[in-house]
Amino acid sequence: MFTVLAVLAYAAYITFQFAGLRKLQSEMVDRNRRDSLQLLRIQNDLNSLALAMRDMQDPTEPYPIAAWAPQFERIRTDLVDALRQESLFTEAGPTSDQRVYLNQALAQFWDAVDRMFTLAEEGSEPEAAQQIRDTLQPRQAALSSAVSRLLVQNNESEEHAAAGISDIYDRVQRQLYVFLAAILIAIVLTSLYLIRYNRLLFAHVAELSSQRSDLAQKLIATQESTLRHISRELHDEFGQVLTAIGSLLRRTGKHLPPDSPMHGDLQEVQEIAQSTLNNIRSLSQALHPVLLDEAGLESTLDWYIPTVERQTGLVLHYEKSGTSYPVGASAGVQIYRVLQEALNNVARHSGAKETWIRLQFRPEALILEVEDHGKGFRPVEGHTGIGLVAMRERAEILGGKLNVSPLPAGGTLLYLQIPREHMDAHVE
């Protein structure tokens, strides 16, 4: 009777531990995901502010500083909403002081913005530009650093939870061995049952891990589908509207005398419409290059690599080898995103000035290599970046493999191999 009660008590204990483990995993992943999404939204708004302040100081920019006020107001509104939503997901604790600092720093930043635009509206353009350089840009950089630290703390929180999960596994395993050693002779049949029961539990955990990978792949597919849809909407709907507006303005201008005051106004509106159209087309290409669907992966890379070279200042050496063959749009977008993330990492973290990109069309597989001679990549055990995880998931979607390894002489080599039979892979 005692043995039966001990077995039942231990089985109940194991079940409770795994129930707590599943709850911990579910709550941690959901909270951190929502919080990190809002922090990334805040970071994106701060980056938009940085780009706007850079353009405001560009001597070739045709618009005065005061003309940027509506854009700053839109970003301010989005930042307020993002901070409000982020506060709903964040955890009270060690990070509360940093979040108070973030809110105070944002308030000071917007006060400085208001003063800068006041100077600009009063005609003091040089003083306004000086305030951008001396006050706004340093504060924007500090805000970006604060948000980055919060994102890092989210990752650290997830790592601490993973360590707790590992401790639960280890503790349960140790106690299982002690329990079996103590009552093995008395409960041979019961112990066999317990072993089978625990194997089922671990198999269930492995199944949950597999489901997590499936979910990640579905999220990637959903993300690409959403980006493609938004890109097409921007290109087709808004692009057509702006094109029609520009055409209408040109026709209207032809019916006005050259010395008419309205002629200059129409010309200015036409230039604004054309500038907006160019920006929308650039944004559409950034979200999802239309070339991927229309011309395929090879032509897209021929366009994308020189574009990155101009934008980042990196010297990119692009080599193709082998006889090229068609790559399906679904497979092409995954390969394109891996290269995009790899080049972003080189530009932001490696410190390298040159990068070698090799695309090999082999009979049995397509090989993509990205090599730089920068700082190198030596991740601490247990610490894996979100970008690297996403690249591995994309490789798994196509049944391929991805390796990121340090080079003996310094630098990093990213190696992606996709079987040729998966070049037409389609992920729902």
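Since we're looking at a predicted model, the values are computed, not measured. (Residues numbered from 1 in each chain as written. Predicted model: local features only at pLDDT ≥ 70, side-chain atom pairs only at ≥ 80, totals over all residues. Heavy atoms only, no water.)

With that settled, the discussion passes to the packing of aromatic side chains. One pass over the full model with this rule turns up five aromatic pairs. Ring geometry for phenylalanine 109 versus tryptophan 110: centroids 5.2 Å apart, planes at 75 degrees, classification edge-to-face. Accessibility assignment for this pair places phenylalanine 109 and tryptophan 110 in one class, buried. With a centroid separation of 5.2 Å and an interplanar angle of 85 degrees, the aromatic rings of tyrosine 325 and phenylalanine 361 are classed as edge-to-face. Here the residue tyrosine 325 occupies a position in the loop between strand S1 (315-322) and helix H9 (329-350), and phenylalanine 361 occupies one in strand S2 (residues 354-361), the gap between them amounting to 36 residues. The same class applies to tyrosine 325 and to phenylalanine 361, which are both buried. (Phe/Tyr/Trp six-rings, centres within 6.5 Å; stacked < 30°, edge-to-face > 60°. Buried < 20%, exposed > 50% of the residue type's maximum accessible area, 1.4 Å probe, protein only. Helix = DSSP H or I, 4+ residues; strand = E, 2+ residues; numbered from the N terminus.)

Before going further, it helps to spend a moment on the environment of leucine 256. With respect to the helices and strands, leucine 256 occurs in the loop between helix H5 (188-254) and helix H6 (261-287). By relative accessible area, which is 26% here, leucine 256 ends up partly exposed. C-alpha of leucine 256 to C-alpha of leucine 266: the two residues are 10 residues apart in sequence and 9.9 Å apart in space.

Turning next to the pairing of S2. In terms of burial, S2 is a largely internal element, six of the eight residues being buried. Looking at chain direction, S1 and S2 are connected through eight bridges and run parallel. Bridging from a neighbouring strand, lysine 320 pairs with leucine 359 of S2. Following the chain from S1 across H9 to the adjacent parallel S2, one finds a crossover that is left-handed. (Pairing = 2+ DSSP bridges. Right-handed = clockwise from strand over helix to strand, strands pointing away.)

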